[in-house]
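# Report on the structure
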Amino acid sequence: MIDWYKKVLIYNYANFSGRARRSEYWYYILMNIIIFIALMVLFGVSSSISNDLEDIFIGLLVICFLAIIIPSLAVIVRRLHDIGKSGTYYFVRFIPIVGPIWLLILLCTEGEKGVNRYGKDPKRVFDEIDEIGRDSESFN
């Protein structure tokens, strides 16, 4: 899970091209939720101890939130690319009631198999690497 998080946050920080697997997107979201819950718990504990600590944690929450805006948008766009949709489909979330549900369904949809106009199938790349490994073992 941490590897997927690092892949989004470090290696693809502002990469809006290519494709992202479902696991890449959802592990990134899960890790963000865990981090923010931990920060909120620390915020709750610190606010009962001191107002200075409370201010520090508010600042830390704001910095964390600002730091993940760009990679979050990038991974959403790459996830939409994986299902063959343009990144502009993200804006369907602004349609009242139906939009967020539609976007959630799109983000949960399995990606297109093979190459699409946004690049190679990220799931297939791992399969090809695995097949190469198996082929080299069969020759030994």
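Structural data are supplied above this passage.
Please read all numbers here as calculations on a predicted model, not as lab measurements. (Residues numbered from 1 in each chain as written. Predicted model: local features only at pLDDT ≥ 70, side-chain atom pairs only at ≥ 80, totals over all residues. Heavy atoms only, no water.)

### Let's talk about a nonpolar patch on the surface
Filter applied, for reference: To count toward a patch, a residue needs a relative accessible area over 30% and no salt bridge; like charges are then connected within 9 Å, while nonpolar side chains (Val, Leu, Ile, Met, Phe, Trp, Tyr) are connected within 5 Å. Here the accessible surface of atoms and residues is derived via Shrake-Rupley with a 1.4 Å probe, and residues count as covered only by protein chains that are part of the display. Any Lys or Arg side-chain nitrogen located within 4 Å of an Asp or Glu carboxyl oxygen qualifies as a salt bridge. In DSSP terms, a helix is any run of H or I states spanning at least four residues, a strand is any run of E spanning at least two, and both are numbered starting from the N terminus.
Judged by side-chain polarity, Tyr 13, Phe 16, Ile 58, Val 62, Phe 65, Leu 66, Ile 69, Ile 70 and Leu 73 come together as a nonpolar surface patch covering roughly 760 Å² of accessible area. By the element assignment, Ile 58 lies in helix α3 (residues 51–82).

### Brief notes about the nonpolar core
Rules: What is meant by a nonpolar core is a set of buried Ala, Val, Leu, Ile, Met, Phe, Trp, Tyr and Cys residues, joined one to another through side-chain atoms within 4.5 Å. Between buried and exposed lies partly exposed: a residue is buried under 20% and exposed over 50% of the maximum accessible area for its type, with that area taken using a 1.4 Å probe on protein chains only. The contact criterion used is simple: two residues touch if any of their non-hydrogen atoms lie within 4.5 Å.
Residues Tyr 28, Val 75, Ile 76, Leu 80, Leu 103 and Leu 107 are the most contacted members of the largest nonpolar core, which totals 16 residues. At 4 residues, the largest contribution of residues to this core is made by α3. Other than its neighbours up to four places away in sequence, Leu 107 contacts Arg 22, Tyr 25, Trp 26, Ile 76, Arg 79 and Leu 80.

### Concerning helix α2 (residues 22–49)
It helps to recall that an α-helix has 3.6 residues per turn; residues three or four apart then point in one direction. The criterion, for reference: To estimate how far a helix should reach, multiply one less than its number of residues by 1.5 Å.
Taking 1.5 Å as the rise per residue, α2 with 28 residues should run 40 Å; its terminal C-alpha atoms sit 41 Å apart, in good agreement. Regarding α2, the residues found buried are Glu 24, Tyr 25, Tyr 28, Met 31, Asn 32, Leu 39, Phe 43 and Ser 46. The secondary structure elements touched by the buried residues of α2 are α1 (2–11), α3 and α4 (98–108).

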